[in-house]
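Working through the structure, step by step
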Amino acid sequence: MHMINRLTAAILLCLAACLPAGYVISQTNTHDPSNNVKTWWKEAIVYQVYPRSFQDSDGDGIGDLKGIISRLDYIKSLGVNTVWLNPIYSSPNDDNGYDVSDYRNIMKDFGTMEDFDRLLKEMHARGLKLVMDLVVNHSSDEHAWFTQSRSSRNSPYRKYYHWWPAEKGKPPYRYSLFDINNDAWLYDSLTNAYYLHYFSRKQPDLNWENPQVRKEIHDIMKFWADKGIDGFRLDAFGFAAKDTTFPHFPAGFEKNFMKYYSMQGNLHGYLQEMNQEVLSKYDVMSVAEGAGNTFEDAHNLVDEDRHELNMAYAFDGVDIAKMEGYSLLRFKEVFSRWDSAFAEKGWLSIYLANHDQARMVSRFGNDSPEFRELSSKMLTTFIMTMRGTPYYYNGDELGMTNAGFERIEDYRDMPTMNQYQALKNKGGDIAAFLKRLQFECRDNGRTPFQWSGKPNAGFTTGTPWIGLNKNYAQLNAEAQEKDPQSVLHYFRRIVKLRRDNPLLVNGRYALLDKSNPDVYTYTRELNGKKWLIMLNFSGKPAKAHTGLALSGGKVVMGNYPTPSRNENLRPYEAVIISL
Ligand code: NOJ
C-alpha cells in the first residue's frame, strides 16, 4: 500500500550529553507548561532500518538484531540521530513482520529480547533514539487473541476482531488491499462466520471499539516505553476505526477506498485516549502512517492542541512516481501545498522512500550509471532542505537502485504474489505486470544492504532471503567510504548541514519559478537568514529563474565538485546558496 510530554531538566541534560557534537536540542516549548510538546522530534533526522535486509549475523540469510548492533557505528557515522525499525516482533511473516503474533516478543529470525535490550542500550550509548513500528490496526491470525476469538462465538476474545455471522447472509463488500480476491471478508467454517481483514487473510483487523482491545494495546505500548524506546510509528492506524454496523458502500468505492477507510468514526477519540494513557506519560514521539484524506484530517492528527500525535506522513508526495504521470510540476505543487498547509501549525515528515516503495533514485531520479550519483545527491538535498522531519531509507545514502528482478520467482512480497496469481488465473498480461514490478514493486527497496563487494555484499555468509542487486560489486558502502565525492560522503555532509542550521528545520519555505518544468527552486528563511535551493530534476542543462541577485550570495553546498554560482544548472545539479 501506498500506504509526548515533558522532560525534566535532568533528562534533557543527560540527553544533550549523548548527542553528537554540534547537535542542539531546541529548548523551545520544553518547559512551557501551556503545552506538552518538546521539539527533539522536529529536529531529528530519522534513518529507517529494514531489519530483514540490513545485516545478517548468523548466516541464515536474514538480517537480525545482532547484525544491526554490529552496524551501529556506521549509522552513528551518518550523523542521523533517530532510527525507525520496521517490526521486529514475533510473527509468522506473512507480511514481513506486519502480522504480529506476540507483541511482547522478538521474531525468532531476528534474535531474542536480550539482543533487543542490548540494541537499545548500544543505541542510546551512541546518542541514537529508537522508534518502533506499532502494528495495531490488525494482528496476525496466529496471535493468541485471534486463535481464541476464532474458536467459539462465546469466546471472551470474540469481540477483539470483527465477525459477521453467516446466518445474516454475506456481509457488505469490503475491499482488501492484499487479499488474492480483494475481498476483506473471509468465511471461517469453524464458527460459521466471516472475519474482516483489510490487508491479508493472515492480518485480521482488531476491533478498536472494544475498550479491552484498546487497553491491551496501551499496555503493550507501556511495555516498550518502559524499556526506554523513544517513539512509535503507527502502522495503517488511519484504518483502525470502523463503522461496525458495516453499511453498504457505493459500488466501485474501492477505487477511492481511502475515503471510506481512513479517519472514520471515533479514530481521534482513540488517539486522544492513547495520548492520555500512554504517549503523554513518556518521552516518546509518535508518527502516523498516512495523514488522512484532507488537510483538516492531517491537522486534527498532529496539531499540538489536539493531544493526539506529533506528526504524520502523507502519501501524496511519495505517490507521484513516473509511471503515474509524474511531472516535476506536479511534484512541486504537491510538496508546496503540503508545506503551506502546515506553515503555521502542525508538523509533518518529509521522505521520498521507505520499505513500501521502490528505490528513490530509480523513481524520482535517474539510475543510469551516468546520473545515478548526481541524481541521488540532488534528491537527498531536497529531503534535507525541506521543512518537516526527514525520514531517510537505508541504502539511499549509497544511491542504491531498483533490483528490477525479471522473474516472478525472485519476488518475495506477499501482495505482489497474490496479484500475480490473480492475474494468472484471469489470463491477464503477465509480461506487462512483470515490467511494472521492475519499476514499482516494493521488493526493489528490500534487497540486502550493499556493504561491500564481497560475496552477498557482506550482508550474509548464507543464502540471502531475497536476491541482491547485481550492481553491489561497484555500488557499496566500502567503496564509497574511500571516495570523498561519493553519495555516502555527500549524505554525511548534508545531514551535518541540516543539524547545524535551524533554518533548514524551521525556516519559512517559499516556492520560486513555479512553472519551470525542470528545476525546483525555493528559499528557506529564518531570522533574517535566507538560503536559496536550486535543484535540476532533469538530465540536461537547465536554467532556474529566481528573480534574485545571486552575485553576492555564497555557495553553501552543491553536488558537483564546483557548484554553479548562477542560475545555469548542469544535469541533476543541486546548489544551496546563502543570500
Ligand atoms: C503499512 C506498512 O508500511 C506495510 O509494509 C504493510 O504491508 C501494511 N501497512 C500492513 O501492515
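Placed above this text is the structure.
The present account deals with the structure reproduced in this document. Everything numeric here is computed off the predicted structure, so don't read it as measured data. (Residues numbered from 1 in each chain as written. Predicted model: local features only at pLDDT ≥ 70, side-chain atom pairs only at ≥ 80, totals over all residues. Heavy atoms only, no water.)

1. A closer look at the overall build of the protein
Counting its regular elements, the protein contains 19 helices and 20 strands. Rg of the C-alpha trace for the protein: 24 Å, near the compact-globule value of 25 Å for 579 residues, within the 12% margin. Buried residues in the protein amount to 62% of all 579 residues. Approximately 21800 Å² of the protein is accessible, and the part contributed by carbon and sulfur atoms is 51%. Distance between charge centres in the protein, computed from 68 positive and 70 negative side chains, equals 3 Å. (Helix = DSSP H or I, 4+ residues; strand = E, 2+ residues; numbered from the N terminus. Rg over C-alpha atoms; globule rule 2.2 N^0.38 Å. Buried < 20%, exposed > 50% of the residue type's maximum accessible area, 1.4 Å probe, protein only. Areas by Shrake-Rupley, 256 points an atom, 1.4 Å probe, with all protein chains shown as cover. Lys, Arg positive; Asp, Glu negative; His and termini not counted. Charge placed at Lys NZ, Arg CZ, Asp CG, Glu CD.)

2. Remarks on the environment of W163
Mapped onto the secondary structure, W163 falls in strand β6 (residues 163-165). Judged by relative accessible area, W163 falls into the buried class, the value being 14%. A polar side-chain atom of W163 sits 2.9 Å from a polar atom in the side chain of S149. (Polar contact = N/O pair within 3.5 Å; in protein donor to acceptor, adjacent residues only side chain to side chain.)

3. Focus: the sheet that holds strand β7 (residues 185-188)
Taken in spatial order, the 3 strands of this open sheet run β6-β8-β7, and their pairing is antiparallel. A strand with exactly one partner marks an edge of an open sheet, and here the two such strands are β6 and β7. Adjacent strand axes in the sheet meet at a mean angle of 30°, parallel and antiparallel pairs treated alike. Pairing geometry for β6 and strand β8 (residues 193-196), over 3 bridges, is antiparallel. When the bridges of β8 are listed, W164 appears paired with Y194. (Pairing = 2+ DSSP bridges. Axes fitted to C-alpha atoms, helices over the stretch in contact; angles between N-to-C directions.)

4. Here we look at helix α12 (residues 328-341)
Helical geometry note: an α-helix holds 3.6 residues per turn, so side chains three or four residues apart project in the same direction. An ideal rise of 1.5 Å per residue puts 20 Å on 14 residues; α12 measures up with 20 Å between its terminal C-alpha atoms. Three or more residues of α12 are buried, namely L328, F331, K332, V334, F335, S336, W338 and D339. (Expected span 1.5 Å × (residues − 1).)

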